[in-house]
Amino acid sequence: MSKQYEDATPMGDAELESLRAELNQIKQQWQEANSRLEQLEAATVADGERVSTGRVKSAQQRLMDMYKRFAIISLLCVGWMPLMISRWQDVFSYSSTTYRIMVVILCALYFLTASTMDFCLYRGVRAIDIARMPISEVSTRAIRLKRSHHICQLTLIPLAIILLTLMIWPIASSAALIGIAIGGVTGLAIGLTAYFRMMRSYRTLIADS
């Protein structure tokens with residue numbers, strides 16, 4: 001054993017320097033690889049955040065557009081209601097002028113209420129600052145607005161049924177009844193389509209935020 005140690009050639013200074021240089025080179029290459037991995041990870045996270053933020057902003061914009069559109073349509077219906085006082089004289093064959101005026105006023109109040117609700121929901125969605133608010137706050141606000149949306153629906157749907165009953169009750173014209181039925185089915189289909197689209201936007205706003 002001692003002979004083996006005696007036969008071993010000691011490492012010279014040049015070899016030590018060469019080994020030290022190789023170790024430094026390996027260390028530098030490892031640091032560069034680690035740096036590239038960190039940059040790649042940061043870029044991947046940033047890309048994911050941009051995609052997620054883009055989806056959330058698109059969902060927010062869709063909700064704003066739909067609420068704004070519904071608010072404007074309801075206001076137009078309010079302005080259109082006075083014209084119905086004279087128009088309904090031929091349809092409401094056995095109703096008095098007072099009855100027609102009462103129904104028109106109730107319809108105008110209904111559309112004014114619906115427009116106000118849609119405008120308030122529009123402002124609530126617009127107030128969500130995706131870029132500055134914490135994720136939890138964005139999600140909480142979206143959940144609160146979704147709940148408010150359902151509360152508004154639960155308020156407006158029974159009122160719409162009552163108004164529709166008041167409108168149909170004195171009508172004697174079968175053509176008018178058919179027209180109201182077609183309009184009701186069309187309105188229901190449009191409303192359900194808009195509802196499901198809005199709920200998808202809310203889910204995106206809540207989940208991806």
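Before reading further, recall that the structure is shown in the block above.
The structure reproduced in this document is the subject of the present report. (Residues numbered from 1 in each chain as written. Predicted model: local features only at pLDDT ≥ 70, side-chain atom pairs only at ≥ 80, totals over all residues. Heavy atoms only, no water.)

## Overview of the overall build of the chain
Condition: Runs of E in the DSSP output that reach at least two residues are strands. Runs of H or I that reach at least four are helices, and both are numbered from the N terminus. Burial classification: accessible surface area is computed with a 1.4 Å probe over protein chains only, and a residue below 20% of its type maximum counts as buried, one above 50% as exposed, and the rest as partly exposed. Residues count as neighbours in contact if any of their non-hydrogen atoms are within 4.5 Å of one another.
What the chain contains, in helices and strands, is five helices and zero strands. Order of helices (α) and strands (β) in the chain, N terminus to C terminus: α-α-α-α-α. Residues classed as buried in the chain amount to 24% of the 209 residues present. Contacts spanning at least 24 positions in sequence make up 80% of the contacts within the chain whose residues lie at least 6 apart.

## A word on a positive patch on the surface
So the rule is basically this: Think of a patch as exposed residues, more than 30% relative accessible area, with no salt bridge, where like charges cluster within 9 Å and nonpolar side chains (Val, Leu, Ile, Met, Phe, Trp, Tyr) cluster within 5 Å. To measure how exposed things are, a 1.4 Å probe is used in the Shrake-Rupley method; for residues, cover is taken only from the protein chains shown. Salt bridge, as used here, is a side-chain nitrogen of Lys or Arg placed within 4 Å of a carboxyl oxygen of Asp or Glu. Lys and Arg are tallied as positive, Asp and Glu as negative. Neither His nor the chain termini are counted. Throughout, a charge is located at the NZ atom of Lys, the CZ atom of Arg, the CG atom of Asp or the CD atom of Glu.
A surface patch of like charges, here positive, comprises Arg-62, Arg-69, Arg-197, Arg-200 and Arg-203. Among the elements of the structure, α2 (13–87) and α5 (174–207) are those that each provide at least two residues to the positive patch. Sort the elements by how many residues they give to the positive patch and α5 lands first, with three residues. Turning to its location among the elements, Arg-69 is positioned in helix α2.

## Focus: the packing of helix α3 (residues 97–126) against helix α4 (residues 135–168)
Put simply, the rule reads: Each axis is a line fitted through C-alpha atoms, and for a helix only the stretch in contact is used; angles between axes span 0 to 180 degrees, taken between their N-to-C directions. Orientation labels follow simple angle bins: below 35 degrees gives roughly parallel, above 145 gives roughly antiparallel, 65 to 115 gives roughly perpendicular, and whatever is left gives oblique. For this classification, the nonpolar set comprises Ala, Val, Leu, Ile, Met, Phe, Trp, Tyr, Cys and Pro, the charged set comprises Asp, Glu, Lys and Arg, and every other residue, Gly included, is treated as polar.
For the pair α3 and α4, the least separation of the axes is 11 Å and the interaxial angle reads 170 degrees. By the angle class used here, α3 and α4 are roughly antiparallel. Contact residues: Tyr-99, Val-103, Leu-106, Cys-107, Tyr-110, Thr-113, Ala-114, Met-117, Leu-121, Gly-124 and Val-125 in α3; Leu-145, Ser-148, His-149, Cys-152, Thr-155, Leu-156, Leu-159, Ala-160, Leu-163, Leu-166 and Met-167 in α4. In terms of residue class, the contact of α3 with α4 is made up of 17 nonpolar, five polar and no charged.

## Details of a nonpolar patch on the surface
A cluster of nonpolar side chains, namely Leu-75, Ile-101, Met-102, Ile-105, Leu-106, Leu-109 and Leu-112, defines an oily patch on the protein surface of about 570 Å² accessible area. Sorting elements by how many residues they give to the nonpolar patch places α3 first, with six residues. As for its placement among the helices and strands, Leu-75 is situated in helix α2.

## Observations concerning the pattern of salt bridges
This structure, assessed with the given rule, holds two salt bridges. Between Asp-129 and Arg-132 there is a salt bridge, and its shortest N-O distance comes to 4.0 Å. Taking the relative accessible area as the measure of exposure, Asp-129 reaches 28% and is therefore partly exposed. Look at Arg-132 and you get exposed, because its relative accessible area is 73%. A salt bridge links Glu-137 to Arg-141; its shortest N-O distance comes to 3.3 Å. Here Glu-137 pairs with Arg-141, and both are found in helix α4, just four residues apart, close to one helical turn. Residue Glu-137 is classed as partly exposed on the basis of its relative accessible area, which comes to 30%. Taking relative accessible area as the criterion, Arg-141 reaches 26% and is therefore assigned partly exposed.

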